Amino acid sequence: MTLLIVVDMQNDFVTGALGTAEAQAIVPHVNAKIAAADAVVYTLDTHGEDYLSTAEGRKLPVPHCIAGTPGHRLFGETAACRQKQDMVFFKPSFGSMELTCYLRTHPYQEIELVGVVTNICVISNAVLCKAALPEARVSVDASLCASNDEVLHEKALDVMRGLQINVTNSDK
């Protein structure tokens with residue numbers, strides 16, 4: 001059974017504070033992937049009201065994904081795909097350590113990641129998945145990931161290839 005990890009498909013990353021046309025473009029395709037998946041979990045970027053005083057907030061001074069705000073929620077169409085049994089991992093940083101702990105007790109043989117932002121949260125979680133389950137087949141669907149920077153998107157995909165993470169649906 002393959003586990004699909006949907007990374008940060010939240011209002012603020014699709015149409016909100018850090019939204020991009022690239023993220024909006026992948027929504028229907030991500031939703032189709034969710035509908036066809038055996039098992040799905042979601043990560044949600046989660047910050048507090050003190051975001052601007054955090055290490056991340058000082059380097060990226062754009063309040064986003066503040067817990068309890070509309071921007072923090074799964075994007076509408078994607079939220080509608082979520083099933084009752086689908087777990088959600090709230091993460092205060094780029095990668096989810098709770099997801100890593102979950103994987104260590106649920107040794108999937110195959111894991112696929114989709115979502116945003118390729119060069120930040122997708123790569124962070126893909127690396128953590130590979131570390132948690134080094135013998136699992138960890139894949140990232142390049143066509144279902146988005147970034148605000150196409151160059152960094154491609155560089156992140158290259159780094160993941162170098163870490164023996166399978167990059168599918170890519171031009172390379």
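The preceding data block contains the structure.
A brief report on the enclosed structure follows.

Conventions adopted
- Along each chain, residue indices are assigned from 1 in the same order as the chain's sequence is written.
- Where local features are concerned, this predicted model is filtered to residues with pLDDT of at least 70; where side-chain atom pairs are given and counted, the filter is 80 or more; whole-chain, interface and lining totals use all residues.
- Heavy atoms throughout the structure, all of them, feed into the side-chain values; hydrogens and water do not.
- Lines fitted to C-alpha atoms define the axes here, with helix axes fitted over just the stretch in contact, and angles between the N-to-C directions of these axes take values from 0 to 180 degrees.
- Helix and strand assignments come from DSSP, with helices taken as H or I runs of at least 4 residues and strands as E runs of at least 2, each series counted from the N terminus.
- Roughly parallel refers to an angle under 35 degrees, roughly antiparallel to one over 145, roughly perpendicular to one between 65 and 115, and oblique to any angle outside these ranges.
- Note: crossing handedness is left-handed where the near helix turns anticlockwise from the far helix by less than a right angle, and right-handed where it turns clockwise.
- Residues are treated as being in contact if the distance between any of their heavy atoms lies within 4.5 Å.
- Two strands pair if DSSP finds at least two bridges between them.
- Nonpolar side chains (Val, Leu, Ile, Met, Phe, Trp, Tyr) within 5 Å and like charges within 9 Å form the patches, drawn only from residues with over 30% relative accessible area and no salt bridge.
- Computed by Shrake-Rupley with a 1.4 Å probe, the accessible areas treat only the displayed protein chains as cover when residues are assessed.
- What makes a salt bridge here is a side-chain nitrogen of Lys or Arg within 4 Å of a carboxyl oxygen of Asp or Glu, nothing more.
- Type-normalised accessible area, obtained with a 1.4 Å probe on protein chains alone, sets the label of each residue: buried when under 20%, exposed when over 50%, and partly exposed for intermediate values.
- Multiplying 1.5 Å by the residue count of a helix minus one yields the expected span of that helix.
- Our arc is simply the arc of the directions from the helix axis toward the C-beta atoms.
- Place the viewer so that the strands point away; then a crossover is right-handed whenever the path from the first strand over the helix to the second strand goes clockwise.

Close contact between helix 6 (residues 118-132) and helix 7 (residues 150-162) brings their axes to 9 Å; oriented N to C, the two are set at 15 degrees. In terms of their interaxial angle, helix 6 and helix 7 are classed as roughly parallel. Two packed elements cross with a definite hand, and for helix 6 against helix 7 that hand is right-handed. On helix 7, the residues that touch Thr 118, Asn 119, Ile 123 and Ala 126 of helix 6 are Leu 152, His 153, Ala 156, Leu 157, Val 159 and Met 160.

With parallel pairing, 6 strands are arranged side by side in an open sheet as 3-2-1-4-5-6. Lying at the two open borders of the sheet, with one neighbouring strand each, are strand 3 (87-91) and strand 6 (166-168). On average, each strand axis in the sheet is tilted by 25 degrees relative to the strand beside it, whichever way the strands run. The sheet contact formed by strand 1 (residues 2-7) and strand 2 (residues 39-45) spans 5 bridges and is parallel. Bridging from a neighbouring strand, Leu 4 pairs with Val 40 of strand 2. Along the sheet, helix 6 makes contact with strand 1, strand 2, strand 3, strand 4 (110-116) and strand 5 (137-146), crossing strand 4 at roughly 165 degrees. Along the sheet face, helix 7 touches strand 5 and strand 6 and points at about 170 degrees away from the line of strand 5.

Glancing now at a nonpolar patch on the surface. A cluster of nonpolar side chains, Val 127, Val 159 and Leu 163, forms an exposed patch at the surface whose accessible area comes to about 220 Å². Within the secondary structure layout, Leu 163 lies in the loop between helix 7 and strand 6. Of the residues examined, Leu 163 reaches a relative accessible area of 41% and is grouped as partly exposed.

Another point: unusual backbone geometry. Along the chain, Val 116 connects to Val 117 via a cis peptide bond; the corresponding omega equals -15 degrees. Summarising the element assignment, Val 117 is placed in the loop between strand 4 and helix 6. With a phi angle near 65 degrees, Gln 164 is a residue other than glycine that sits in the positive phi range. Note that Gln 164 resides in the loop between helix 7 and strand 6. The class of Gln 164 is exposed, set by a relative accessible area of 61%.

For helix 6, which comprises 15 residues, the first-to-last C-alpha distance of 20 Å matches the rise-based estimate of 21 Å (1.5 Å per residue) to within 8%. When we look at burial in helix 6, the residues that qualify are Thr 118, Cys 121, Val 122, Ile 123, Asn 125, Ala 126, Cys 129, Lys 130 and Ala 132.

We now examine helix 7. Taking 1.5 Å per residue, 13 residues should reach 18 Å; helix 7 reaches 19 Å between its end C-alpha atoms and fits that length. Residues of helix 7 that are buried include every one of His 153, Ala 156, Leu 157 and Met 160, and no others. Buried residues of helix 7, seen end-on, are gathered within an arc of 100 degrees and therefore sit on one face of the element. Exposed side of helix 7, more than 90 degrees from the buried face: Val 151 and Gly 162 are the residues found there. Where the residues of helix 7 are buried, they touch helix 6, strand 5 and strand 6. Downstream of helix 7 by one or two residues, Gln 164 has phi in the positive range, about 65 degrees.

The element strand 5 is largely enclosed, with a buried count of 8 among its 10 residues. Bridge count for strand 5 against strand 6 is 3 bridges, and the pairing is parallel. Counted as the bridge partner of Asp 141 is Thr 168 from strand 6. Considered for its hand, the β-α-β crossover made up of strand 5, helix 7 and strand 6 is right-handed.

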